[in-house]
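Observations on chain architecture
Take a look at the letters that make up each chain.
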Amino acid sequence: LGLPVLLVADARGLARSAAALVKGFVEFDPDVHIAGVVLNRVGSERHARLLKEAVEQGAGVEVLGCVRRGGGWEMPGRHLGLVPAWEAAGARETIKAIASQVRDELNLDRLMELAHCARELPEQAPEIFPDGARDYTKKNTVIAVARDDAFCFYYQDNLDLLEAQGARIVEFSPLKDRGLPEGTGAVWLGGGYPELHARALAANGAMLEALRAAAARNMPIFAECGGYMYLAEAIVDSEGACYPMAGILPGTAVMGSRLAALGYCTARLRDAGFFGPAGTELGGHVFHWCRMEGAGNSAALESDGTLLGAVRNQVLGSWLHVHFASNPLAAAHFVEAGGMFFSVQKKTWKQT
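Below is a short write-up of the structure. None of the values given here were measured: they were computed from a predicted structure.

Thresholds applied
- Residues numbered from 1 in each chain as written.
- Predicted model: local features only at pLDDT ≥ 70, side-chain atom pairs only at ≥ 80, totals over all residues.
- Heavy atoms only, no water.
- Helix = DSSP H or I, 4+ residues; strand = E, 2+ residues; numbered from the N terminus.
- Disulfide = S-S within 2.5 Å.
- Buried < 20%, exposed > 50% of the residue type's maximum accessible area, 1.4 Å probe, protein only.
- Expected span 1.5 Å × (residues − 1).
- Arc of directions from axis to C-beta.
- Contact = heavy atoms within 4.5 Å.
- Polar contact = N/O pair within 3.5 Å; in protein donor to acceptor, adjacent residues only side chain to side chain.
- Phe/Tyr/Trp six-rings, centres within 6.5 Å; stacked < 30°, edge-to-face > 60°.
- Salt bridge = Lys/Arg side-chain N within 4 Å of Asp/Glu carboxyl O.
- Patch = residues over 30% accessible without salt bridge, like charges linked within 9 Å, V, L, I, M, F, W, Y side chains within 5 Å.
- Areas by Shrake-Rupley, 256 points an atom, 1.4 Å probe, with all protein chains shown as cover.
- Pairing = 2+ DSSP bridges.
- Axes fitted to C-alpha atoms, helices over the stretch in contact; angles between N-to-C directions.

Looking now at unusual backbone geometry. Here Asn218, not a glycine, exhibits a phi torsion of approximately 65 degrees, which is positive. Along the chain, Asn218 turns up in the loop between helix 7 (205–216) and strand 11 (221–224). Phi at Cys225 is positive, roughly 55 degrees, even though this residue is not glycine. Residue placement: Cys225 occurs in the loop between strand 11 and helix 8 (226–231).

Shown next, in the form of structure tokens:
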């Protein structure tokens, strides 16, 4: 994009070597314009002066601020990153404290000046959203999206695009609800922390049975990462406790002691499914500590020879967190599959 970059450098324990660190970033890629530096976790006013002088003279980059450490606030984290804001006690107060410190210790006026030096953005790709909703059933297709403390990782873009393609998103809780929303045509079980809530998920037998029944009727069900774990036969948590899950997909999800996979990737459908024909490409990311044992060779998605999940009839579980901007037609196919399922079920209900 050719935008000016603000580099944030961890300065704890550094003196003049901070200049070497910043200079390394400046010279590493000449196409990246580092317009300024913020030095983080600075120890004192004297430390700040020393760092500022070293970086500006030794690396030739303007220092826009030095953020002190020891403010007493840190964003709490866990194995997949930050603790979600609704779980973190005092999150709102912490964010206010951070904002106050940034306001006091950064030259925000100069930061805005540098931002206004950005060149015009290049021509963008066509819009991923259709001009009008594609309504396959003459009324919106209900896609039930799991949303609670166990399932909370979603790209909002994906949900917006599904709605633009004619879906009506209805949220439900695998932790608390006893069944799927009325009129559900497809289900999306997103990522999250099922391993931290495995006992409660296993105890909600009504929801597990509702999902089994939906799968038996060939309802389209997409389960990514945490959702994939939930549809497996069991989850073994980090303490070694084993909890039975839906058993819709083969394998046991076993939590590891370190990261199992992290990065962006493009995967391909091995066979035709509700995201499109065989060979359909889906972009996204993988990020998990868990491994699936005993899943066999039933994966629907493949990336550079690596199998990313499992499939059974109209149920697809995968480690891939899909981003539909990589292939908007996949969203349209998913909505269409949900609409077709509901239409068939509606005819069956009328006949019976």
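Once you've had a look at it, read on.
A complete count under the given rule lists 0 disulfides for this structure. Left without a disulfide partner, Cys265 is nearest to the cysteine sulfur of Cys225, which lies 11 Å away. Taking relative accessible area as the criterion, Cys265 reaches 17% and is therefore assigned buried. Here Cys290 stays free of any disulfide, with the sulfur of Cys225 as its closest cysteine sulfur at 8.0 Å.

Helix length check: helix 3 (residues 91–105) (15 residues) gives 21 Å between terminal C-alpha atoms against 21 Å at 1.5 Å per residue, within 8%. Among all positions in helix 3, only Ala91, Thr94 and Gln101 are buried. One face of helix 3 carries all of its buried residues, which in axial projection span an arc of 90 degrees. In helix 3, the exposed positions angled more than 90 degrees off the buried face are occupied by Arg92, Glu93, Lys96, Arg103 and Asp104. On its buried face, helix 3 is in contact with strand 3 (63–68).

This part covers the side chain of Thr280. In this structure, Thr280 sits in the loop between strand 15 (261–269) and strand 16 (281–288). Exposure remark for Thr280: the relative accessible area of 10% places this residue in the buried category. In terms of polar contacts, Thr280 uses its side chain to reach the backbone carbonyl oxygen of Pro277, at 2.6 Å. The contact partners of Thr280, leaving out residues within four places of it in the chain, are Ala267, Arg268, Leu269, Phe275 and Asn327.

Right, let's get into the packing of aromatic side chains. Taken as a whole and assessed by the stated rule, the structure comprises 12 aromatic pairs. Both rings, one in Phe222 and one in Phe275, keep their centres 5.0 Å apart while their planes meet at 80 degrees; by these two values the pair is edge-to-face. Placement of Phe222 in strand 11 and of Phe275 in the loop between strand 15 and strand 16 is noted, with a sequence separation of 53 residues between them. An angle of 75 degrees between the planes, with centres 5.1 Å apart, marks the rings of Tyr228 and Trp319 as edge-to-face. Of this pair, Tyr228 sits in helix 8 while Trp319 sits in the loop between strand 21 (315–318) and strand 22 (321–322), and the two are 91 residues apart along the sequence.

Tallied over the entire structure, the rule returns 11 salt bridges. The closest approach of N and O atoms between Asp10 and Arg41, which form a salt bridge, is 2.8 Å. Placement of Asp10 in strand 1 (residues 5–10) and of Arg41 in strand 2 (residues 34–42) is noted, with a sequence separation of 31 residues between them. Exposure remark for Arg41: the relative accessible area of 32% places this residue in the partly exposed category. Salt-bridge contacts for Arg212 lead to Glu209; the nearest nitrogen and oxygen are separated by 3.2 Å. Within this pair, Arg212 and its partner Glu209 are both found in helix 7, separated by 3 residues, close to a single helical turn.

A contiguous nonpolar surface patch, about 300 Å² in accessible area, is contributed by Leu1, Leu3 and Leu121. Examined against the element boundaries, Leu1 turns out to sit in the segment before strand 1. On the basis of relative accessibility, which here comes to 60%, the residue Leu1 falls in the exposed class.

Our next topic: helix 7. Counted at 1.5 Å a residue, the expected span for helix 7 with its 12 residues is 16 Å, and the 16 Å between its end C-alpha atoms agrees. Among the residues of helix 7, Met207, Leu208, Leu211, Ala214 and Ala215 are the ones counted as buried. The arc enclosing the buried residues of helix 7, seen along the axis, measures out at 125 degrees, which places them on a common side.

Turning to the sheet that holds strand 14 (residues 252–255), a few remarks are in order. The sheet built from 4 strands is open, its strands ordered 13-12-14-17 with mixed pairing. A single partner strand is all that each edge strand has here, and the edge strands are strand 13 (242–244) and strand 17 (290–293). Across the sheet, the mean angle from the axis of one strand to that of its neighbour is 20 degrees, orientation sign disregarded. Note that strand 12 (residues 234–236) and strand 13 share 3 bridges and pair antiparallel.

Read these as spatial facts, not as claims about activity.
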